[in-house]
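# Architecture at a glance
If you want the building blocks of each chain, they are given just below.
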Amino acid sequence: MIFRSNFFYLTAISIVLLMFFPGCKEGSSSKENFVSGTIDLADGSSLENMIRALVSIDDISTADMENIKVREVVISPIEELPIKFSIAYNVSEINLSHSYSIRAEIIELNENGVEERVYLTTQTYPVITGGFGDSVNVLVERVD
């Protein structure tokens, strides 16, 4: 009888704790993590005419298909170089067997008042899985 009574109390306490600490639930997938870092220009140009940067976490697992964008942030205005960024993502969006990379581009306002993409990542900047962390420094190159 004592065993049943103790078991009942331990079960009740566990349920109450799980209600107050949802992150303790097994398989909880609502945890938010961040990838952060900097973006710099490979050619050392200035900020003149740059109006925004787009930075995304992309799933690059399938070589024959287009990358899948997991999350994206827009940084505007661009106030200094290197550009600092932080992208929140939900752990449930990440498949540990996949590969992820940071992609960045910078949009400039040309002399005709038209927006155009002038800088882009040309290398892979792996993050999150495969032993890669959550911090990365990215170089973007001018594209014409």
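Residues numbered from 1 in each chain as written. Predicted model: local features only at pLDDT ≥ 70, side-chain atom pairs only at ≥ 80, totals over all residues. Heavy atoms only, no water.

## Structural notes on the pairing of strand E8 (residues 135–142)
As defined by bridge partners, strand E1 (residues 32–41) adjoins E8 across six bridges and the pair is classed as parallel. Looking at the pairing, Ser-36 lines up with Ser-135 of E8. One ladder, built from three bridges, connects strand E6 (residues 115–121) with E8; its direction is antiparallel. By the bridge assignment for E8, Thr-121 is matched with Val-140. (Pairing = 2+ DSSP bridges. Helix = DSSP H or I, 4+ residues; strand = E, 2+ residues; numbered from the N terminus.)

## Quick look at the nonpolar core
Counting 27 residues, the largest nonpolar core has Ile-57, Phe-85, Ile-102 and Ile-106 as the members making the most contacts within it. Those elements giving two or more residues to this core turn out to be E1, strand E2 (50–59), strand E3 (68–75), strand E4 (83–90), strand E5 (100–109), E6 and E8. Every residue in contact with Ile-106, bar those within four places of it in the chain, is listed here: Leu-41, Met-50, Arg-52, Ala-53, Ile-78, Ile-83, Glu-116, Arg-117, Val-118, Tyr-119 and Val-140. (Core = buried A, V, L, I, M, F, W, Y, C linked by side-chain atoms within 4.5 Å. Buried < 20%, exposed > 50% of the residue type's maximum accessible area, 1.4 Å probe, protein only. Contact = heavy atoms within 4.5 Å.)

## Focus on the environment of Phe-85
Mapping Phe-85 onto the fold places it in strand E4. Discounting chain neighbours no more than four positions away, the residues touching Phe-85 are Val-35, Ser-36, Gly-37, Thr-38, Ile-39, Val-55, Ile-75, Ile-102 and Val-136.

## Description of the side chain of Thr-129
Here Thr-129 shows up in the loop between strand E7 (126–127) and E8. The buried category is assigned to Thr-129, whose relative accessible area is 6%. Here the side chain of Thr-129 touches His-98 through a polar contact of 2.6 Å, landing on its backbone oxygen. Residues within four places of Thr-129 in sequence aside, it is in contact with Ile-94, Asn-95, Leu-96, His-98, Ser-99 and Tyr-100. (Polar contact = N/O pair within 3.5 Å; in protein donor to acceptor, adjacent residues only side chain to side chain.)

## Section: unusual backbone geometry
Between Ser-76 and Pro-77 the backbone carries a cis peptide bond, its omega angle lying at -5°. Mapped onto the fold, Pro-77 is located in the loop between E3 and E4. The residue Asn-49 is not glycine, and still its phi comes out positive at about 75°. With respect to the element layout, Asn-49 can be found in the loop between E1 and E2. Phi is positive for Ile-128, close to 70°, though the residue is something other than glycine. Take Ile-128: its relative accessible area is 19%, and that puts it in the buried class.

## With respect to the environment of Asp-40
Examined against the element boundaries, Asp-40 turns out to sit in strand E1. Asp-40 sits in the partly exposed class, given a relative accessible area of 28%. Remark: the alpha-carbon pair of Asp-40 and Val-140, spanning 100 residues in sequence, is separated by 6.3 Å. Residues in contact with Asp-40, not counting those within four places in the same chain, are Leu-81, Pro-82, Val-138, Leu-139 and Val-140.

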